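This is what each chain is made of:
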Amino acid sequence: MISLRFIPIFEDKEFTDAVAEYKQIWEAEGVRIIDAFKQITGLSFVENRIAIVIYEGVSFSGRTPNDMMKLRASYTADVKKATLVHELSHRLLFNLKNRPEGDEHQVINLFLYDVWVELYGEDFANEMVEIEKKRAENYQIAWDFALSLTKEQRKEKFSALQKSL
């Protein structure tokens, strides 16, 4: 299993509490999360360890396996779960020989919804999609595209992309 190390940006209560919450999510659900990714995408993570800074800013997966991930401290518990899985989705693409050009959300949304459904159910996945759609236009476009496809079509499209990249 991947070892995730959560690091508060500052040693104040907001960030240390958020670190504890993210740690609890990973300890309780990390194996299930990894298994869901493997089941839905057929991919395993290339990394054994990931350092994650907990701060108050935009969550970010990192561009390379050497980059730290960043996660927002103030999210609700469900949004923390969804965001952790979302950012790990970006890192799963490190498996591909060539990362997709442009907005990776067009690619990760081919499997992210199905991973969320596997982990937490359809209601959770639908709620998180609606939250993400409000963040930026590119999220709206990527979700509208992915969810215009059936689960089988998303899987086929992701498989074809894996072979082409």
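Here's a quick rundown of the structure. In this text, all values refer to a predicted model and were calculated from it rather than measured experimentally. (Residues numbered from 1 in each chain as written. Predicted model: local features only at pLDDT ≥ 70, side-chain atom pairs only at ≥ 80, totals over all residues. Heavy atoms only, no water.)

A look at a negative patch on the surface
And step 1. On the surface, Asp78, Glu122, Asp123 and Glu127 cluster together into a negatively charged patch.
And step 2. Considering each element in turn, the negative patch owes the most residues, three residues, to helix α4 (residues 122–133).
And step 3. Here Glu127 shows up in helix α4. (Patch = residues over 30% accessible without salt bridge, like charges linked within 9 Å, V, L, I, M, F, W, Y side chains within 5 Å. Areas by Shrake-Rupley, 256 points an atom, 1.4 Å probe, with all protein chains shown as cover. Salt bridge = Lys/Arg side-chain N within 4 Å of Asp/Glu carboxyl O. Lys, Arg positive; Asp, Glu negative; His and termini not counted. Charge placed at Lys NZ, Arg CZ, Asp CG, Glu CD. Helix = DSSP H or I, 4+ residues; strand = E, 2+ residues; numbered from the N terminus.)

Thoughts on the pattern of salt bridges
And step 1. One pass over the structure, following the stated rule, counts nine salt bridges.
And step 2. The partner of Arg135 in a salt bridge is Glu132, and the shortest N-O contact between them spans 3.8 Å.
And step 3. Look at Arg135 and you get partly exposed, because its relative accessible area is 32%.
And step 4. The network of salt bridges with common partners includes Glu130, Lys133 and Asp144. (Buried < 20%, exposed > 50% of the residue type's maximum accessible area, 1.4 Å probe, protein only.)

Comments concerning the environment of His105
And step 1. When you line up the elements, His105 lands in helix α3 (residues 105–120).
And step 2. Owing to a relative accessible area of 8%, His105 belongs among the buried residues under this scheme.
And step 3. Distance in space between the C-alpha atoms of His105 and His90 is 8.3 Å, their sequence separation being 15 residues.
And step 4. In contact with His105, not counting residues within four places along its chain, are His86, His90, Asn138, Tyr139 and Ala142.
And step 5. Separated by 3.3 Å, the side chains of His105 and Tyr139 make a polar contact. (Contact = heavy atoms within 4.5 Å. Polar contact = N/O pair within 3.5 Å; in protein donor to acceptor, adjacent residues only side chain to side chain.)

Considering the sheet that holds strand β2 (residues 49–55)
And step 1. The strand order β1-β2-β3 describes an open sheet built from three strands, whose pairing is parallel. This sheet does not close on itself; its edge strands, each paired only once, are β1 (3–8) and β3 (69–72). Direction aside, the axes of adjacent strands within the sheet are offset by 30° on average.
And step 2. By the bridge criterion, four bridges tie β2 to β3 in an arrangement that is parallel. Bridge pairing in β3 places Val53 opposite Lys70.
And step 3. Taken strand by strand, helix α1 (residues 13–41) contacts β1, β2 and β3, and its axis lies near 170° from that of β1.
And step 4. Here helix α2 (residues 77–92) sits on the sheet and contacts β1, β2 and β3; the angle it forms with β3, its principal contact strand, is near 160°. (Pairing = 2+ DSSP bridges. Axes fitted to C-alpha atoms, helices over the stretch in contact; angles between N-to-C directions.)

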